[in-house]
Amino acid sequence: MTGTRTQPVDQQTTSGDAAQGQTATLPAHDVADLDLAAEGVRRIEWAEREMPVLRIIRQRFERERPLDGLRIGACLHVTTETANLMRTLAAGGAHVALCASNPLSTRDDVAAALVAQYGISTFARRGADRDTYYAHIGAVVDIRPQLTMDDGCDLVSMLHRTRREELAGVLAGTEETTTGVIRLRAMAVDGALEFPVVAVNAARTKHLFDNRYGTGQSTVDGILRATNILLAGRKVVVAGYGWVGRGIASRFRGMGSLVAIVEVDPIPALEALMDGYQVMSSLEAADWGDVFVTATGNLNIFRAEHFRRMHDGAILANSGHFDAELELGALREMCGGRLREVRRDVQEYDLGDRRLYVLGEGRLVNLAAAEGHPASVMDMSFANQALAAEYVAGHHAELEPRVYPVPAEIDREVARLKLEALGVTIDTMTPEQERYATSWQEGT
Ligand SMILES: NC(=O)c1ccc[n+]([C@@H]2O[C@H](COP(=O)([O-])OP(=O)(O)OC[C@H]3O[C@@H](n4cnc5c(N)ncnc54)[C@H](O)[C@@H]3O)[C@@H](O)[C@H]2O)c1
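All values reported here derive from a predicted model rather than from experimental measurement.

### Comments concerning the sheet that holds strand S4 (residues 121-124)
- Ordered in space as S1-S4-S3-S2-S5-S6-S7-S16, the 8 strands form an open sheet in which the pairing is parallel. Among the strands making up the open sheet, the edge pair consists of strand S1 (29-31) and strand S16 (403-405). Strand-to-strand twist in this sheet, taken as the mean axis angle between neighbours without regard to direction, amounts to 20°.
- Summarising the sheet, strand S7 (residues 197-199) and S16 pair through 3 bridges and their orientation is parallel. Within S16, the position partnered with Val197 by the bridge is Val403.
- Helix H6 (residues 154-161) rests against strand S2 (71-76) and strand S5 (147-150) of the sheet, and its axis sits at about 130° to S5.

Here's what the structure looks like:
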């Protein structure tokens, strides 16, 4: 890890914020280029304009300091929105160390700004190789986090696999995404999970908006930035009709694409059909589609048998959490080394008679080729993160080592604050309606 400073966390500058400017002592870090900090600050402030709920929480945290002295280890996509979450946690009094949850989603200017302007210990470089990626997670574990904040469970995995000596000090954690929650639930069932974790993804103000509208829009954005293709009339196959798949399908349809859904669960498959999409098997879809987008959280959705059927020029992208949804090993074998980058984030696999194009090396395309979710939607996801952190800081002693939902009061409060920030007023039930809705005695 080049450029790493290794001051102990309690000697680092953790209170610095934009107003305080460059600090004399920088926190421990490994980022690509600190000279990018000024650009990062501008973009973080731009994102903040769209994050009113998080801003309200940050202002309260500044007054109340609910995380005072708590060491938080975070493994999240290092984006402008995450930077605003880190500022919120620091405002609450926490000592925070951040690493990336995916090597291609890191914004180097944001990482630089976090270190140089906001005094947050950050270990993230865009395009980091596997060893560096895990060394960065290790650097976060080195602060001996009392609270973990994960997106995909890599930090929790490291603590449970190779750094077990630090487990005793962890009070609780939070997890951002579907895939991470699935891994945590599996750990809890095996009796392997050692501390309680709140599944932020379970909050309705997270998955209904972030997974659906955030990923939907930003996936289209990533595919467009990478390829600049016309979407109208294009045949798009979406694998997985969960919250992410629903969002992606509806946004492509909005752009005039013909959309087909591939599923393994009959219920979302039926729902997709009644939502007006074609539903077909993955092999039929391989013959049919021009663009293939995976969003299942599962593995090897498109494999050699599919690649053999896809037509010349087919484009493949993934929006699921891990780069395991396209079987790229098989594709590499099939092209016998005839592989080249034809545009930024577009790799051409030459199969002899046909060429297939993979975007962002099969990693989440909305982060690899675009900027991830718009800040406005991350406002709600990260408001849940900040309030869930406050909740576990206060309640960890009452919780068992298993996966908990975000408390319903937090979920509703996030929605209420968002509506208020958007200037939208809604009704409250009249006393008569309240009685009617809660009584079993009132009939028709
Ligand atoms: N790109 C992003 O920014 C982003 C944001 C949120 C979530 N995610 C990730 O996206 C993935 C999906 O999340 P979600 O919230 O929609 O999950 P979900 O559980 O709601 O939906 C997944 C769907 O995929 C289907 N599926 C599973 N295996 C399949 C297979 N072999 N073929 C076809 N369909 C299959 C399931 O039946 C389910 O309906 C997860 O990995 C999640 O972590 C990514």
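Still more to cover.
### Quick look at the site of the ligand
- Around the ligand there are 26 residues in total, and Thr177, Thr179, Val244, Glu263 and Asn366 lie nearest to it.
- Asn211 has a polar side-chain atom sitting 2.9 Å from an oxygen atom of the ligand.
- Protein chains bury 85% of the 870 Å² of accessible surface belonging to the ligand in isolation.
- Of all elements in the fold, only helix H7 (178-189), helix H8 (204-227) and helix H9 (243-254) reach the threshold of two or more residues within the shell around the ligand.
- By residue class, the composition of the shell around the ligand is 9 nonpolar, 15 polar and 2 charged.

### Observations concerning the sheet that holds strand S15 (residues 355-359)
- Strands sit in the order S10-S9-S8-S11-S12-S15-S14-S13 across an open sheet of 8 strands; the sheet is mixed. In this open sheet, the two strands that pair with only one neighbour each are strand S10 (278-279) and strand S13 (339-343).
- Relative to strand S14 (residues 346-350), S13 is paired through 4 bridges, and the arrangement is antiparallel. When the bridges of S14 are listed, Arg343 appears paired with Val346.
- The sheet strands contacting helix H13 (residues 328-335) are S13, S14 and S15, and the helix crosses S14 at an angle near 50°.

### Brief notes about the nonpolar core
- In terms of nonpolar packing, the biggest core is built from 57 residues, with Val78, Leu85, Met86, Leu89 and Leu114 touching the most fellow members.
- With near-sequence residues (within four places) excluded, Leu85 lies in contact with Leu54, Leu76, Met149, Phe382, Gln385 and Ala386.

### Here we look at the packing of aromatic side chains
- Taken as a whole, this structure holds 4 aromatic pairs when the rule is applied.
- Here the aromatic rings of Tyr133 and Tyr134 are separated by 5.1 Å at their centres, their planes lie at 85°, and the arrangement is edge-to-face.
- For Tyr133, a relative accessible area of 7% translates into the label buried.
- Its relative accessible area of 33% is what places Tyr134 among the partly exposed residues.
- Residues Tyr241 and Tyr277 carry aromatic rings whose centres are separated by 5.8 Å and whose planes lie at 65° to one another, so their mutual orientation is edge-to-face.

### Here's the deal with the packing of helix H5 (residues 130-141) against H6
- Running from N to C, H5 and H6 point in directions that differ by 75°, and their axes come no closer than 10 Å. With respect to their mutual orientation, H5 and H6 come out roughly perpendicular. Across from Tyr133, Tyr134, Ile137, Gly138, Val140 and Val141 in H5, the residues of H6 making contact are Asp154, Leu155, Met158 and Leu159.
- For the contact of H5 with H6, the class distribution of residues is 8 nonpolar, 1 polar and 1 charged.

### Examining the confidence of the model for the chain
- In this model, the chain carries an average pLDDT of 93, and 94% of its residues clear a pLDDT of 70 or more.
- Here residues 1-23 is modelled with pLDDT under 50, and outside its nearest four sequence neighbours on either side it reaches 52 contacts, counting other chains as well.

Each value, and the rule that gives it
- Throughout this document, residue positions are counted from 1 along each chain, in the order its sequence is written.
- Under the rules for a predicted model, residues below a pLDDT of 70 receive no local features and side-chain atom pairs below 80 are neither given nor counted, while totals for whole chains, interfaces and linings still include all residues.
- The side-chain quantities take in all heavy atoms of the structure and omit both hydrogens and water.
- Between any two strands, at least two bridges found by DSSP are needed for them to pair.
- In DSSP terms, a helix is any run of H or I states spanning at least four residues, a strand is any run of E spanning at least two, and both are numbered starting from the N terminus.
- To get an axis, a line is fitted to the C-alpha atoms, and for a helix only the part in contact is used. The angle between two axes follows their N-to-C directions and goes from 0 to 180 degrees.
- Residues count as neighbours in contact if any of their non-hydrogen atoms are within 4.5 Å of one another.
- One heavy atom within 4 Å of a molecule or strand makes the whole residue count as near it.
- By the criterion applied in these results, polar contacts are pairs of N or O atoms within 3.5 Å in which, for protein atoms, one can donate a hydrogen and the other can accept it, and in which residues neighboring in sequence qualify only through two side-chain atoms.
- Each accessible area is a Shrake-Rupley result for a 1.4 Å probe, and residues are judged covered by the shown protein chains and nothing else.
- Gly is put with the polar residues, along with every residue not named as nonpolar or charged; the nonpolar set is Ala, Val, Leu, Ile, Met, Phe, Trp, Tyr, Cys and Pro, and the charged set is Asp, Glu, Lys and Arg.
- Buried Ala, Val, Leu, Ile, Met, Phe, Trp, Tyr and Cys residues that are joined via side-chain atoms within 4.5 Å together make up what is termed a nonpolar core.
- For every residue, the accessible area (1.4 Å probe, protein chains only) is compared with the maximum for its type, and the residue is labelled buried under 20%, exposed over 50%, or partly exposed between those bounds.
- The criterion for an aromatic pair is that two Phe, Tyr or Trp rings (for Trp, the six-membered ring) have centres within 6.5 Å, with stacked assigned to planes under 30 degrees apart, edge-to-face to planes over 60 apart and tilted to the rest.
- Angles are sorted into four bins: roughly parallel if under 35 degrees, roughly antiparallel if over 145, roughly perpendicular if 65 to 115, and oblique for all others.
- Per-residue confidence from the prediction method is given by pLDDT, with values spanning 0 to 100.

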